[in-house]
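# Fold and geometry: a report
Each chain is listed here by its residues.
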There are 2 protein chains.
Amino acid sequence: MTIGQKIRELREKTGMLQRELAYELEVGDAYLSKIESNQKNLKKEHLTTISKLFKYSYSELETLWLANKVYDLIKDEKKAIEVLKVAEQEIKYRKTL
Amino acid sequence: MTIGQKIRELREKTGMLQRELAYELEVGDAYLSKIESNQKNLKKEHLTTISKLFKYSYSELETLWLANKVYDLIKDEKKAIEVLKVAEQEIKYRKTL
DNA sequence: TATATTTGACCAAATTAAGTCAAGTCAAAA
DNA sequence: TTTTGACTTGACTTAATTTGGTCAAATATA
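Below is a short write-up of the structure. The shown structure was predicted, so the numbers you read here are calculated from the model rather than taken from an experiment.

### Some details on the relation of the copies chain B and chain A
At an RMSD of 0.0 Å, chain B and chain A line up after a rotation of 180° and a shift of 0.0 Å along the axis. Given the turn and translation reported, the copies of this chain are related as if by a two-fold rotation axis. Of the interface residues in chain B, 100% have counterparts in chain A that sit at the interface too, so the contact is made through matching surfaces.

Printed below as a string of structure tokens:
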């Protein structure tokens, strides 16, 4: 589940149009279309609006949003999974300090 | 092991000074100091020079370099590990397509 | 046909990258 | 104990990239 998919899911479940959600977010509908298909990422502030509007966990949205950023960074790398493992070790190691 | 630590390790093992390695990389020694302590990241091209100079696996350097970028992105997040898991799922999912 | 969505090309503003320089620290040598 | 050499740090700069969009045209979809 990507942040874009989640937003689309929330929007469609409530029968909202892109145009309408775009209006709430104060962006154009073309931009929202790209957000839903993960071609662009929205800014973090938008998560607040979406969270309130659909009464959906902010924290979960934030996790998806961050995961999407990580994904973007390594999606084209063959070693993507290995890279994540190394990063994870680093985080776990730091916690022991 | 971070990319900075690895570079420092390689440099010290050969008794090289920061000033000398910095010269090879064509940067200032203050900058190299920051790279070794992960305050700055070097550009990818520098990995080639380092790989050749110390005869150390380019691929491994690249993994550390990427991991460092991922780490930078989420290091301050409480949910860092969870975020990595979500990103990992995304990568694995995409592979099945 | 009309309405909803997608896409590609483009843009300005904000952010990050990629450094530098000067001053400071720190350990060891003189 | 002063000096020296290696390294670190903070403040700053400039250029490149990314972000956060828009608009018009193309494509579904009903």
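There's plenty left to go through after this.
### Here's the deal with the packing of helix α1 (residues 3–13) of chain A against helix α3 (residues 29–36) of chain A
Residue and element names in this part refer to chain A. Here α1 crosses α3 at 120°, and the two axes come no closer than 7 Å. By the angle between their directions, the pair α1 and α3 is classed as oblique. Contact residues: Gly4, Gln5, Ile7, Arg8 and Arg11 in α1; Leu32, Ser33, Ile35 and Glu36 in α3. Its residues assigned to classes, the contact of α1 with α3 comprises 3 nonpolar, 3 polar and 3 charged.

### Regarding the protein's contact with DNA strand C
Around DNA strand C sit 19 residues, and of these Arg8(A), Gln18(A), Arg19(A), Lys34(A) and Gly28(B) come closest. When atoms of DNA strand C within 4 Å of the protein are split into backbone and base, the sugar-phosphate part holds 56%. Separating a base oxygen of DNA strand C from a side-chain N or O atom of Lys34(A) is a distance of 2.5 Å. Listed by contribution, the elements that provide at least two residues to the surface near DNA strand C are α1, α2 (18–25) and α3 of chain A together with α3 (29–36) of chain B. If you tally residues by element for the surface near DNA strand C, the top one is α3(A), at 4 residues. Residue composition of the surface near DNA strand C, by class: 5 nonpolar, 6 polar and 8 charged.

### A few points about the nonpolar core
Nonpolar side chains in soluble globular proteins tend to end up buried together. Counting residues in hydrophobic clusters, the biggest one holds 58 residues, and the most contacted among them are Val70(A) and Val70(B). If we skip the residues at most four places from it in the chain, Val70(B) touches Val70(A), Leu73(A), Ile74(A), Val83(A), Leu84(A), Ala87(A) and Leu84(B).

### Re the interface of chain B and chain A
Listed per partner, the contact involves 31 residues of chain B and 31 residues of chain A. With both chains or domains summed, chain B and chain A bury close to 3,100 Å², and 67% of this area falls on carbon and sulfur atoms. There are 4 salt bridges connecting chain B and chain A. Residue Lys85(B) is joined to Glu88(A) by a salt bridge in which the shortest nitrogen-to-oxygen separation is 3.1 Å. Across the contact surface, chain B and chain A share 14 residue pairs in polar contact (both at pLDDT 80 or more). Those elements giving two or more residues to the side of chain B that touches chain A turn out to be α5 (58–74) and α6 (80–95) of chain B. Of all the elements, α6(B) adds the most residues to the side of chain B that touches chain A, at 14 residues. Tallied by class, the residues present in the side of chain B that touches chain A amount to 15 nonpolar, 3 polar and 13 charged.

Each value, and the rule that gives it
Residues numbered from 1 in each chain as written. Chains lettered and ligands numbered in written order. Predicted model: local features only at pLDDT ≥ 70, side-chain atom pairs only at ≥ 80, totals over all residues. Heavy atoms only, no water. Least-squares fit on C-alpha atoms with pLDDT ≥ 70 in both. Contact = heavy atoms within 4.5 Å. Axes fitted to C-alpha atoms, helices over the stretch in contact; angles between N-to-C directions. Helix = DSSP H or I, 4+ residues; strand = E, 2+ residues; numbered from the N terminus. Parallel < 35°, antiparallel > 145°, perpendicular 65-115°, else oblique. Nonpolar A, V, L, I, M, F, W, Y, C, P; charged D, E, K, R; others polar. Near = heavy atom within 4 Å. Polar contact = N/O pair within 3.5 Å; in protein donor to acceptor, adjacent residues only side chain to side chain. Core = buried A, V, L, I, M, F, W, Y, C linked by side-chain atoms within 4.5 Å. Buried < 20%, exposed > 50% of the residue type's maximum accessible area, 1.4 Å probe, protein only. Buried area = accessible area lost by both parts, 1.4 Å probe. Salt bridge = Lys/Arg side-chain N within 4 Å of Asp/Glu carboxyl O.

None of the figures reported here should be taken as evidence of function without further support.
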